[in-house]
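# Tertiary structure, described
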Amino acid sequence: MKNIFKDILTKNIGLKLLSIILALLVWLIIMNVEDPTITVTIEDIPVQVINEEVVTSRGYGYTIESGEKVDVRVKGRRALVDNLTAEDFDATADFNSFNSMYMAPISVACKSPSADEMTITLRNEQMAVKLEDQATESVNIRLIINGSVKEGYYLFDRSVDIGLVQVTGAASQVAAVKEAVAEVDIEGVNASFETDAVLYAIDEQGEKIDSKKISLSQDTAKVTFVVTPIKEVALSVKTVGNPADYHYIDKIEFAPQKLQITGDPKILGDIEELVVPCDISGASENVERQVNMEQFIEDTFGNKCLVVDQTRTMGIIATINKMQETRFAVKAENIELRGTRPDEFEYTIYSLWSSDVVVRGRDEDMTNVELSDLHLYLDMTDIEPGTHSLSLKTEYNGELLVSLGNVSVLVERKPAPPVVINQGPAETNTAAPAEEEI
């Protein structure tokens, strides 16, 4: 057996070695075809400044003239480098290594676990910086809102906990800052909330300024949003005062009939109808009013509610008509005397020249009005004998307006009945005759 294995290992050894070498070459060729070594260029890798206090601690600001981004060439197997992006690299410029030309060296590190199998070459190896006097300015904070709250809700209020933020940096960079911006997305929100919004600076063109060029005194601002439900409530009109004498309100027309409002949910829950006043005092013709519903809501609820409806003005027309008039001549037989004392007094109605009754009212109410419908009377209670001017009274208490006149009444005491004396038969003299004088 030993001889057999020995022959296998040693016989034709040259051919065996050649076979092994050929196999290795074939394997290398296959690997090179399947996963070849390639070189790729990764562009625009952001460069992060470190140790910038070397400049800022001396009261300087700086402007990056070149080297804000860096390009690298990466050589390695296709499987390792083909899908690399700028996010796979960390690039830094160390201000602690400034040279006399104010240039800081840039270093790049690959975050890939297989970085050791790659060769990385920088195209631009230094960041050029221009030093300036450092400046600090305060700028306004503007809130930018993206999106809309959920349907049926309203963004009632919003506020930022600070109004100003300080910007620090090179004087030219600070001068370019117009304002700071806090940006918040409220898409689909249906409840009040608070959030810490990231702050950033913008220039006059509205372009965002790179945070590496300037620094803000704080990175975030607390933003509060008050989101309230929308409620549709009915509207009505109530007249105030009275129209001119002998005029009446025929009808009230107004639009819209409903209004959408929002505000404190506790207040909204108690509102079913909004009653809008319309002053018609002394009006003898149609009254037209335009009511600013925003002002009306503010006057009624203060800042607790507001109008969200697109129609924010209420139009009102109050139709004022003159009353129809009918005059009745009153006769004595039309008047009932009440409270009389017929056993003691006699009553005579005379002088009816000022006793006319005038009835006024709406056209539809004046149909078939008769004097007898008024039930005129005089109250003679406690009236003593003499001539009296008395106001007519009526039992009518309907919609019509009744103007009553006066009449004169003569009250006379009835004469006393004659006294009757009853006389009996003639008296008979029974006395004794006088004695004759002798």
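Every chain is numbered on its own, with residues counted from 1 as its sequence reads. Local features are withheld for residues below a pLDDT of 70 in this predicted model, meaning they are given only at 70 or higher, and side-chain atom pairs are given and counted only at 80 or more; totals for whole chains, interfaces and linings count all residues. Side-chain figures throughout are based on the complete set of non-hydrogen atoms in the structure, without hydrogens or water.

### Comments concerning the overall build of the protein chain
- On a plain count of helices and strands, the protein chain comes out with 7 helices and 28 strands.
- Along the first, second and third principal axes, the C-alpha set of the protein chain runs to 235 × 75 × 50 Å.
- Three exposure classes are used, based on accessible area relative to the maximum for each residue type with a 1.4 Å probe and protein chains only: buried under 20%, partly exposed in between, and exposed over 50%. Looking at the protein chain residue by residue over its 438 residues, the buried ones come to 32%.
- We call two residues contacting when some pair of their heavy atoms lies within 4.5 Å. Counted over contacts in the protein chain with a minimum sequence separation of 6, partners at least 24 positions apart contribute 75%.
- We get accessible surface area from the Shrake-Rupley algorithm with a probe of 1.4 Å; when it comes to residues, only the shown protein chains can shield them. For the protein chain, the accessible area works out to roughly 28100 Å², and carbon and sulfur atoms hold 48% of it.
- Only four residue types enter the tally: Lys and Arg on the positive side, Asp and Glu on the negative side; His and the chain ends are excluded. For this purpose, a charge sits on NZ of Lys, CZ of Arg, CG of Asp or CD of Glu. Within the protein chain, the 72 negative side-chain charges are centred at a point lying 16 Å from the centre of the 39 positive side-chain charges. A run of DSSP states H or I qualifies as a helix once it reaches four residues; a run of E qualifies as a strand once it reaches two. Both are numbered from the N-terminal end.

### Thoughts on the environment of Tyr154
- Within the secondary structure, Tyr154 sits in strand S8 (residues 153-160).
- Through-space distance from the C-alpha of Tyr154 to that of Asn190 is 8.3 Å; in sequence the pair is 36 residues apart.
- Setting aside residues up to four positions removed in sequence, Tyr154 forms contacts with Val149, Val226, Val227, Thr228, Ile230, Thr262, Leu306 and Val308.

### With respect to the sheet that holds strand S17 (residues 287-292)
- What the 3 strands build is an open sheet, ordered S14-S19-S17; its pairing is antiparallel. Two strands in the sheet have a free side with no partner beyond their single neighbour: strand S14 (247-255) and S17. Across the sheet, the axes of successive neighbouring strands diverge by a mean angle of 20°, strand direction being ignored.
- A strand pair is defined by DSSP finding two or more bridges across the two strands. Alignment of S17 against strand S19 (residues 313-322), held across 6 bridges, turns out to be antiparallel. Angles here are taken between N-to-C directions and fall from 0 to 180 degrees, while the axes themselves are lines fitted to C-alpha atoms, restricted in helices to the stretch in contact.

### Concerning unusual backbone geometry
- Looking along the chain, the bond that leaves Ala255 and enters Pro256 is cis, with omega of 0°.
- Inspection of the secondary structure assignment puts Pro256 in the loop between S14 and strand S15 (258-263).
- Despite not being glycine, Asp44 shows a phi value in the positive range, around 60°.
- Overall, Asp44 belongs to the partly exposed group, its relative accessible area being 46%.
- Despite not being glycine, Tyr246 shows a phi value in the positive range, around 65°.
- The topology assignment puts Tyr246 in the loop between strand S13 (220-240) and S14.
- When its relative accessible area of 37% is taken as the criterion, Tyr246 is described as partly exposed.

### With respect to the packing of aromatic side chains
- Note on aromatic contacts: the rings of Phe and Tyr and the six-membered ring of Trp form a pair at centre separations within 6.5 Å, being stacked when their planes are under 30 degrees apart, edge-to-face when over 60 apart, and tilted otherwise. One pass over the structure, following the stated rule, counts 5 aromatic pairs.
- Measuring from centroid to centroid gives 4.9 Å for Tyr62 and Phe95, while their planes differ by 75°, and the two rings are edge-to-face. Taken together, the residues span a long stretch of sequence, with Tyr62 in strand S2 (residues 60-66) and Phe95 in the loop between strand S4 (89-94) and strand S5 (103-110) at a distance of 33 residues. Across this residue pair, the class does not change: Tyr62 and Phe95 are buried.
- Aromatic ring contacts, followed pair by pair, group Tyr62, Phe95, Phe98 and Tyr102 into a single cluster.
- One residue, Lys208, lies across the ring of Tyr200, its end atom 4.8 Å from the ring centre. Counted as over-ring charges are cases with an Arg CZ or a Lys NZ within 6 Å of the ring centre that also lie within 35 degrees of the ring normal.

### Points about the layout of surface pockets
- Definitions used throughout: a 1 Å grid over protein atoms alone; a cavity as a set of points that fits a 1.4 Å probe which cannot get out; a pocket as an open set with protein on both sides within 12 Å along at least five of seven lines; a lining residue as one with an atom within 4 Å of a point. Grid points are joined across faces, edges and corners, and a volume is the space filled by probe spheres set on the points. Estimated volume of the largest pocket: approximately 250 Å³.
- If you go around the largest pocket, you meet 16 residues; those closest to its centre are Glu52, Tyr62, Lys212, Ile214 and Ser215.
- Secondary structure elements with two or more residues in the lining of the largest pocket: strand S1 (37-50), S2, strand S9 (164-170) and strand S12 (214-216).
- Classification convention: Asp, Glu, Lys, Arg as charged; Ala, Val, Leu, Ile, Met, Phe, Trp, Tyr, Cys, Pro as nonpolar; all other residues, Gly among them, as polar. By residue class, the composition of the lining of the largest pocket is 5 nonpolar, 8 polar and 3 charged.
- Considered as a void within the structure, the second largest pocket measures approximately 210 Å³ in volume.
- Lining the second largest pocket are 13 residues, and of these Leu199, Tyr200, Lys208, Ser211 and Leu216 sit closest to its centre.
- Those elements giving two or more residues to the lining of the second largest pocket turn out to be strand S11 (193-202) and S12.
- Considering every element that reaches the lining of the second largest pocket, the biggest residue donor is S11, with 4 residues.
- Split into classes, the residues belonging to the lining of the second largest pocket amount to 7 nonpolar, 3 polar and 3 charged.

### Examining helix H7 (residues 293-301)
- Inspection of H7 places Met293, Phe296, Ile297 and Phe301 among the buried residues, and these make up the whole buried set. For H7, the angular spread of the buried residues around the axis is 100°, confining them to a single face.
- Two or three places before Glu294, at the start of H7, stands the capping residue Asn292, its side-chain oxygen 3.0 Å from that residue's backbone nitrogen.
- Positive phi shows up at Gly302, right after H7, with a value of about 65°. By definition, the arc is the one covered by directions from the helix axis to the C-beta atoms. What qualifies as a polar contact is a pair of N or O atoms within 3.5 Å, subject to a donor-acceptor requirement within protein and to the restriction that residues adjacent in sequence count only when both atoms come from side chains.

### Digging into the pattern of salt bridges
- One side-chain nitrogen of Lys or Arg within 4 Å of one carboxyl oxygen of Asp or Glu is enough to make a salt bridge. Counted under the stated rule, the structure contains 10 salt bridges.
- The partner of Arg142 in a salt bridge is Glu179, with the nearest N and O atoms 2.6 Å apart. In this pair, Arg142 is assigned in strand S7 (residues 126-146) and Glu179 in strand S10 (residues 179-185), connecting sequence segments 37 residues apart.
- Classification of Arg142 as partly exposed rests on a relative accessible area of 36%.
- With a closest N to O distance of 3.2 Å, Arg338 and Glu336 form a salt bridge.
- Overall, the relative accessible area of 25% leaves Arg338 in the partly exposed class.
- In the salt-bridge network here, residues are joined through shared partners; they are Glu336, Arg338 and Glu395.

### Examining the sheet that holds strand S20 (residues 324-328)
- Strand order across the open sheet formed by 3 strands is S20-S23-S27, with antiparallel pairing between neighbours. Every other strand in the sheet has two partners, leaving S20 and strand S27 (401-403) as the edge strands with one partner each. Averaged over all adjacent pairs, the angle separating strand axes in this sheet is 20°, with direction ignored.
- Of the pairings in the sheet, the one linking strand S23 (residues 357-361) to S27 comprises 3 bridges and is antiparallel in character. Each residue of the ladder has a partner; that of Val358, found in S27, is Ser403.

### Notes on the confidence of the model for the protein chain
- The pLDDT score gives, residue by residue, the confidence of the prediction method on a 0 to 100 scale. For the protein chain, per-residue confidence averages 88 on the pLDDT scale, and 90% of positions sit at 70 or higher.
- Scored below 50 in pLDDT, residues 430-438 shows 0 contacts in the model against residues more than four places distant or in partner chains.

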